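What the coordinates show
Okay, here's what each chain looks like letter by letter:
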Amino acid sequence: MNYPYFDSSELIGILGGFFAVYSLIIIAVAVFSIVVTWKIFSRSGEKGWKSLIPVYNSYTETKLVWKPLWFWIMLAVQLVFWGLYVFIMVSSVGYDEGTVSIESLLAAFLVMFVIGIFIIVVVIIQNVYLSRSFDEEDGFAVGLIFLPIIFRAIIAFGRHDYVGNGYEISKANKEKKKAEAAAGSELPEENTGSWYQN
């Protein structure tokens with residue numbers, strides 16, 4: 001049977017072209033993300049250059065929408081997560097029954113899973129506070145969670161201005177509702193003239 005000749009240089013050319021296009025898309029998204037974060041920081045009264053420094057930009061955003069303490073908690077949790085990841089990878093390479101028990105590896109996986117859930121929950125909460133910081137509704141936070149690049153761009157170039165720390169706004173709204181509920185219970189009940197009253 002005769003098989004057609006396959007030239008591997010064609011495959012290398014196709015893969016090289018794919019990699020070049022993929023790299024350009026990644027670079028474009030990264031630059032767009034930096035521009036969006038710069039604009040969000042500028043609109044909220046921070047210096048835009050803070051968006052260029054990798055860890056400091058996360059601290060600055062957390063300070064704008066939440067409490068800075070949560071940045072330090074998330075940083076510590078992520079360090080534990082990556083420490084466990086390295087432990088698992090090192091333990092798995094050339095795994096020998098006597099070096100590390102399977103129970104300790106499973107425990108590390110379980111802790112990493114719980115940390116992952118914790119990180120997801122904190123990111124969701126931070127996105128809710130980000131939407132409130134720019135006077136957006138909670139539905140907008142859902143967009144921030146699932147399509148962050150698009151909804152962060154809407155915040156950066158949108159119509160709403162920065163109104164303050166989202167956490168503080170939420171806390172003030174809860175206190176206001178609590179005060180209104182307390183004031184409402186102190187008022188005498190009025191006859192509203194509803195159809196079901198005699």
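Model, not experiment: these values are computed from the prediction. Per chain, residue numbering runs from 1 following the sequence as it is written. The predicted nature of this model means local features are confined to residues of pLDDT at least 70 and side-chain atom pairs, given and counted, to a pLDDT of 80 or more, with totals for whole chains, interfaces and linings taken over all residues. Hydrogens and waters are ignored; side-chain quantities use all the structure's heavy atoms.

Once that is clear, we can look at the overall build of the protein chain. Helix and strand assignments come from DSSP, with helices taken as H or I runs of at least 4 residues and strands as E runs of at least 2, each series counted from the N terminus. For the protein chain, the helix and strand inventory stands at seven helices and zero strands. The secondary structure elements of the protein chain, listed N-terminal to C-terminal, are α-α-α-α-α-α-α. In what follows, a contact means two residues having at least one pair of non-hydrogen atoms within 4.5 Å. The contacts of the protein chain with a sequence gap of at least 6 include a subset with a gap of at least 24, amounting to 58%. Surface exposure of the protein chain reaches about 14,100 Å², of which carbon and sulfur atoms provide 68%. Here, Shrake-Rupley sampling with a 1.4 Å probe gives the accessible areas, and only protein chains in the shown set may cover a residue.

Take the confidence of the model for the protein chain next. Per-residue pLDDT for the protein chain averages 87, and the proportion of residues at 70 or more is 86%. Helix α6 (residues 148–157) holds the highest mean pLDDT among the elements of the protein chain, 95, whereas helix α7 (residues 166–186) holds the lowest, 85. Values of pLDDT, ranging from 0 to 100, describe the predictor's confidence in every residue of the model. Contacts for the low-pLDDT stretch residues 193–198, under 50 throughout, to residues beyond four places or in other chains number two contacts.

This brings us to helix α5 (residues 138–146). Every α-helix carries 3.6 residues per turn, so stepping three or four residues along brings you back to the same face. Those residues of α5 not exposed but buried are Phe140, Ala141, Gly143 and Leu144. Along the axis of α5, the buried residues cluster in a sector spanning 155°; they form a single face. Facing away from the buried side of α5 by more than 90 degrees, the exposed set consists of Gly139 and Phe146. For α5, the elements touching its buried residues are α4 (102–133) and α6. For the exposure calls, accessible area comes from a 1.4 Å probe over protein chains only, and a residue counts as buried if that area is under 20% of its type's maximum, exposed if over 50%, partly exposed in between. Arc definition: it is the arc formed by the directions from the helix axis to the C-beta atoms.

This brings us to the packing of aromatic side chains. Two aromatic rings, drawn from Phe, Tyr or Trp (for Trp, its six-membered ring), form a pair once their centres lie within 6.5 Å of each other, and the interplanar angle then sorts them: stacked below 30 degrees, edge-to-face above 60, tilted otherwise. Within this structure, the stated rule accounts for 14 aromatic pairs. Look at Phe81 and Trp82: their rings are 5.4 Å apart centre to centre, the planes differ by 85°, and that puts the pair in the edge-to-face class. By way of ring pairs, the aromatic residues Trp49, Tyr56, Tyr59, Phe71 and Trp72 are connected into one cluster.

A separate point is unusual backbone geometry. A positive phi is found at Asp135, a non-glycine position, where the angle reads about 60°. Tracing the chain through its elements places Asp135 in the loop between α4 and α5.

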